[in-house]
Number of protein chains: 2
Amino acid sequence: MNQPGPVFLPLGFKFSALAAGIKASGKPDIALILATPGTTAAALFTTNLVKAAPVKAGREALARSRGRIRAVIVNSGNANCATGVAGLRACNSVCQKAAQLLNIRASEVFPSSTGVIGVPLPSQKITAKLPALISAAAASLNHLRSFADAILTTDSRPKLASLPLKDGRASVTGIAKGSGMIHPQLATMLVYLLTDISASPPELQVALRKACTNTFNAISVDGDTSTNDTVLLLASGESGVALRSVRNQFETALLEVCRSLAEQIVADGEGVQHVIRLRIEQARARTEALQVARTIAHSLLVKTAWAGADPNWGRILAAVGRSGINIDPGRVSVLIGGQTVCRNGVACKFDEHRAHQELSQAESRVIVKLGRGKSSLEFLTTDLTAEYVRINAEYST
Amino acid sequence: MNQPGPVFLPLGFKFSALAAGIKASGKPDIALILATPGTTAAALFTTNLVKAAPVKAGREALARSRGRIRAVIVNSGNANCATGVAGLRACNSVCQKAAQLLNIRASEVFPSSTGVIGVPLPSQKITAKLPALISAAAASLNHLRSFADAILTTDSRPKLASLPLKDGRASVTGIAKGSGMIHPQLATMLVYLLTDISASPPELQVALRKACTNTFNAISVDGDTSTNDTVLLLASGESGVALRSVRNQFETALLEVCRSLAEQIVADGEGVQHVIRLRIEQARARTEALQVARTIAHSLLVKTAWAGADPNWGRILAAVGRSGINIDPGRVSVLIGGQTVCRNGVACKFDEHRAHQELSQAESRVIVKLGRGKSSLEFLTTDLTAEYVRINAEYST
């Protein structure tokens with residue numbers, strides 16, 4: 001599921017979005033999901049010890065409501081992070097006002113924020129627009145798309161993925177944002193996964209964790225783990241299909257939706273020209289493969305070589321050597337595209353022109369064999385371009 | 001000792017350099033130091049598990065000669081790394097040929113290589129030039145400078161530092177190269193430290209390790225640890241001054257020479273526009289401070305903010321939060337230049353224009369207080385510019 005296909009509208013959800021004046025550009029910057037009564041929820045959050053106010057508030061809301069969520073309110077343009085007690089208060093005032101207008105509990109409102117760190121959240125701008133935001137909500141694909149647009153920051157395009165279940169009787173649809181500060185650890189930037197099957201919150205939590213391990217937790221654009229990472233899964237139950245009756249089918253659909261969103265996030269990484277599908281093989285354990293993958297994926301020299309489509313495998317080997325895994329260099333091999341370029345730690349003769357052409361494609365494949373065991377892992381990452389530097393040197397506080 | 005001062009010529013050493021045709025540019029690419037009989041030596045090498053042939057051969061030479069070195073032969077333009085058995089054989093053939101011409105043991109010849117990884121070393125090009133290289137050697141500052149020039153690769157300028165000892169009766173002079181793949185772990189790219197005091201190899205080893213801890217081991221340009229890192233300290237004894245009679249003075253001079261070379265390496269980092277003197281305070285231990293410093297120094301978002309002289313401290317705080325140290329965000333403070341920009345995890349009012357101006361200087365100061373203990377550390381690092389990307393995307397295999 002590389003390319004986004006048709007988007008299904010799971011039953012039981014309404015969407016809306018508006019401009020509240022948080023983004024200087026004047027673009028839509030607040031967005032809402034309304035969920036039908038009885039909707040269950042599970043979430044994963046950033047492991048960064050610096051956590052934004054909405055991450056703390058969202059975690060608490062799920063605990064207090066025992067996994068029941070009726071509304072999701074997202075603002076873009078401001079991360080509400082490193083804003084102290086005032087930041088938590090601002091976040092709570094938005095949730096309380098929404099709860100009052102919707103006649104639900106404040107703990108049933110799940111907040112998210114994304115944008116610049118360390119700037120006070122102008123919560124009055126949001127609360128002033130809440131009545132209009134709520135009354136505009138509707139269950140249409142256009143409204144869903146307006147939600148997906150309004151949560152973006154440096155993203156160049158919205159990220160959607162969707163799959164039907166049980167002959168179209170139910171569906172899973174995911175909406176994500178994220179382009180920089182992408183090195184998720186348990187979750188990625190902001191991801192909303194919606195389904196109309198019925199499931200208990202613990203069932204959802206198990207499925208969500210499984211789906212994230214090899215998707216959002218195996219990607220990196222720049223190695224920086226966000227303070228606001230959140231993946232939220234909501235199940236409305238409106239299809240009448242129970243998770244336990246379609247467990248395998250549901251888990252597969254959820255995994256594929258997460259995989260597609262993860263791929264869309266990487267492909268839309270800031271300044272990215274080349275996506276690299278990095279496969280680590282012959283590791284002793286998945287954690288070991290992940291450590292090697294991350295060291296390679298975060299090496300500036302490897303990433304800049306990829307920007308130039310340069311098959312400079314020596315930089316990859318050097319990264320493996322400093323990864324902290326006790327590899328034997330004499331057993332490490334590297335493949336670029338279809339060719340082995342380094343076998344057992346030593347240069348191979350290979351067609352450099354062909355390797356350059358393969359690395360010049362939008363997506364290419366690099367395999368590193370560690371010669372230590374049977375564990376393997378696929379990790380999705382990117383090159384590092386001058387455009388990335390331009391974007392992030394100019395993005396001002 | 002920020003700026004290189006006058007260079008002293010330690011007694012007992014001769015220098016030469018030539019072009020052997022390894023660099024495509026035709027610039028000098030082989031260089032020689034000849035040391036007087038009785039010269040003692042100590043060295044530190046890269047901790048990268050992928051080690052170049054000369055690193056293995058140099059370590060063995062020191063062991064076999066029990067710390068006696070008579071000649072150092074360096075080539076630039078080829079790292080002789082990931083070249084397998086043939087690479088070791090090429091390295092040894094150069095040392096053996098030099099030993100034969102100089103009528104010394106092969107284990108008294110210390111080899112170094114720097115340049116691209118994974119390309120066979122054309123050792124015949126070097127051995128063919130050895131007679132000319134040896135006969136050209138002389139004990140002059142000009143010859144020393146020709147050595148410093150010939151060992152460079154992407155460096156924009158040679159790196160020298162020198163201090164007199166004991167009223168000028170002895171001296172310490174250091175020569176370094178290094179501009180990319182700079183994140184030394186026990187040593188940095190190539191550094192040659194020469195002194196004419198007399199000392200046993202173990203005395204030199206102790207002094208060398210002390211001097212490197214807070215200099216070469218506390219800098220980073222791009223987070224990539226080289227496969228060829230070597231710091232070699234040679235003591236000719238020709239001054240007649242014994243190390244043990246001037247231990248403090250010698251250790252201070254060695255430290256200052258190493259500090260100056262480390263600063264020169266960082267300032268000449270690939271594409272570097274701004275050097276950041278990053279100070280981590282209130283850590284529980286030096287290792288903890290180092291882990292936080294490295295996480296900040298390797299964050300692409302922090303480094304690109306520095307490129308734009310952007311006082312975006314939120315990115316610094318986010319890096320601290322993912323550093324793996326169990327910090328309490330509510331106790332972390334950040335200072336940029338003379339201003340506190342974040343106090344106890346929360347934004348402070350500060351003069352953004354002034355912070356921008358301070359970060360616009362060639363060198364500026366960032367302090368992060370962890371609120372955990374009394375250990376502190378100074379770490380020297382750089383911004384990440386589009387020029388860095390250009391250099392490394394174009395540097396071809």
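Owing to the predicted nature of the structure, the values given are computational and were not obtained by experimental measurement.

Caption draft 1: Broad picture of the interface of chain A and chain B. Facing the 50 residues of chain A at the interface are 50 residues of chain B. At the boundary of chain A with chain B, total buried surface from both sides reaches about 4,100 Å², with 62% on carbon and sulfur atoms. Seen at the junction of chain A and chain B, the total is zero salt bridges. Counting across the chain A and chain B interface gives eight residue pairs in polar contact (both at pLDDT 80 or more). The set of elements that each furnish at least two residues to the side of chain A that touches chain B consists of α8 (300–307), α9 (313–321), β14 (346–347) and α11 (386–394) of chain A. Ranked by residues supplied to the side of chain A that touches chain B, first place goes to α9 of chain A with six residues. Here the residues of the side of chain A that touches chain B sort into 24 nonpolar, 19 polar and seven charged.

Caption draft 2: Examining the relation of the copies chain A and chain B more closely. Mapping chain A onto chain B calls for a rotation angle of 180° and an axial translation of 0.0 Å; the resulting RMSD is 0.0 Å. What the superposition gives is, in effect, a two-fold axis relating one chain to the other. Within chain A, Ala386 of chain A has its C-alpha nearest the rotation axis, a separation of 2.2 Å. Comparing interface residues between copies, 100% of those in chain A also sit at the interface in chain B, which points to an isologous, same-surface contact.

Caption draft 3: Representation of unusual backbone geometry in the model. The residue Asn344 of chain A is not glycine, and still its phi comes out positive at about 50°. Here Asn344 of chain A shows up in the loop between β13 (339–343) and β14. Here Asn103 of chain B, not a glycine, exhibits a phi torsion of approximately 60°, which is positive. Mapped onto the elements, Asn103 of chain B comes out in the loop between α2 (84–102) and β5 (109–116). Residue class for Asn103 of chain B comes out exposed when judged on its relative accessible area of 71%.

Caption draft 4: Structural view of the sheet that holds strand β10 (residues 230–235) of chain A. Residues and elements named next belong to chain A. Strand order in the open sheet formed by five strands is β3-β10-β8-β7-β6, with mixed pairing between adjacent strands. Of all the strands in the sheet, just β3 (40–45) and β6 (159–165) have a single pairing partner and so form its edges. With strand direction ignored, the average angle separating the axes of adjacent strands in the sheet is 10°. As judged from the seven bridges shared by β6 and strand β7 (residues 170–177), these two strands associate in the antiparallel manner. Bridging from a neighbouring strand, Leu165 pairs with Ala170 of β7. Contacting β3, β8 (190–195) and β10, helix α5 (residues 201–213) runs over the sheet at an angle of about 35° to β3.

Caption draft 5: How the structure looks around the packing of aromatic side chains. Summed over all chains, the structure comprises six aromatic pairs over all chains. Consider the rings of Phe15 of chain B and Phe147 of chain B, whose centres lie 6.3 Å apart with planes at 65°: the pair is edge-to-face. Of this pair, Phe15 of chain B sits in strand β1 (residues 13–18) while Phe147 of chain B sits in helix α4 (residues 141–150), and the two are 132 residues apart along the sequence. We classify Phe15 of chain B as buried; its relative accessible area is 0%. Assessed through its relative accessible area of 0%, Phe147 of chain B is described here as buried. In this structure an aromatic cluster arises from ring pairing among Phe15, Phe147 and Tyr192 of chain A.

Caption draft 6: The environment of Val334 of chain B, seen in detail. Residues and elements named next belong to chain B. Tracing the backbone shows Val334 in strand β12 (residues 333–336). Look at Val334 and you get buried, because its relative accessible area is 0%. For the pair Val334 and Cys348, spaced 14 residues apart in sequence, the C-alpha to C-alpha distance is 9.6 Å.

Caption draft 7: Spotlight on the packing of α8 of chain A against α9 of chain A. All names here are of chain A. Where α8 meets α9, the axes come as close as 9 Å, and the angle between the chain directions of the two elements is 160°. Relative to α9, the element α8 is oriented roughly antiparallel. Considering only the axes of α8 and α9, their crossing is left-handed. Taking contact as the criterion, the partners of Leu301, Val302, Thr304, Ala305 and Trp306 in α8 are, on α9, Arg315, Ile316 and Ala319. Looking at side-chain class alone, the contact of α8 with α9 contains six nonpolar, one polar and one charged residues.

Caption draft 8: Focus on the side chain of Ser239 of chain A. Residues and elements named next belong to chain A. Within the element layout of this structure, Ser239 appears in the loop between β10 and α6 (247–267). A residue is classified by how much of its surface remains accessible, and Ser239, at 14% relative accessible area, is buried. A polar side-chain atom of Ser239 sits 2.7 Å from the main-chain carbonyl oxygen of Asp196.

Caption draft 9: Looking closely at the packing of helix α1 (residues 53–64) of chain B against α2 of chain B. All names here are of chain B. One can describe the packing of α1 onto α2 by two numbers: an axis separation of 9 Å at closest approach and a directional angle of 55°. Our classification of the angle between α1 and α2 gives oblique. Judged by the sense of rotation from one axis to the other, the crossing of α1 with α2 is right-handed. Mapping the contact onto sequence places Ala53, Pro54, Lys56 and Ala57 in α1 and Gly87, Leu88, Cys91 and Asn92 in α2. Of the residues contributing to the contact of α1 with α2, the split by class is five nonpolar, two polar and one charged.

Caption draft 10: Molecular detail of the sheet that holds strand β10 (residues 230–235) of chain B. All names here are of chain B. Strand order in the open sheet made by the five strands is β3-β10-β8-β7-β6, with mixed pairing throughout. Each of the sheet's edge strands pairs with one partner strand only, and the pair in question is β3 (40–45) and β6 (159–165). The average undirected angle you get between the axes of adjacent strands in this sheet is 10°. On top of the sheet, α1 reaches β3 and β10; it is set at about 145° to β3, its chief contact. Each of β3, β8 (190–195) and β10 is contacted by helix α5 (residues 201–213), which is oriented at about 35° to β3, the strand it contacts most.

Parameters at a glance
- Residues numbered from 1 in each chain as written.
- Chains lettered and ligands numbered in written order.
- Predicted model: local features only at pLDDT ≥ 70, side-chain atom pairs only at ≥ 80, totals over all residues.
- Heavy atoms only, no water.
- Contact = heavy atoms within 4.5 Å.
- Buried area = accessible area lost by both parts, 1.4 Å probe.
- Salt bridge = Lys/Arg side-chain N within 4 Å of Asp/Glu carboxyl O.
- Polar contact = N/O pair within 3.5 Å; in protein donor to acceptor, adjacent residues only side chain to side chain.
- Helix = DSSP H or I, 4+ residues; strand = E, 2+ residues; numbered from the N terminus.
- Nonpolar A, V, L, I, M, F, W, Y, C, P; charged D, E, K, R; others polar.
- Least-squares fit on C-alpha atoms with pLDDT ≥ 70 in both.
- Buried < 20%, exposed > 50% of the residue type's maximum accessible area, 1.4 Å probe, protein only.
- Pairing = 2+ DSSP bridges.
- Axes fitted to C-alpha atoms, helices over the stretch in contact; angles between N-to-C directions.
- Phe/Tyr/Trp six-rings, centres within 6.5 Å; stacked < 30°, edge-to-face > 60°.
- Parallel < 35°, antiparallel > 145°, perpendicular 65-115°, else oblique.
- Left-handed = near helix turned anticlockwise from the far one by under 90°.

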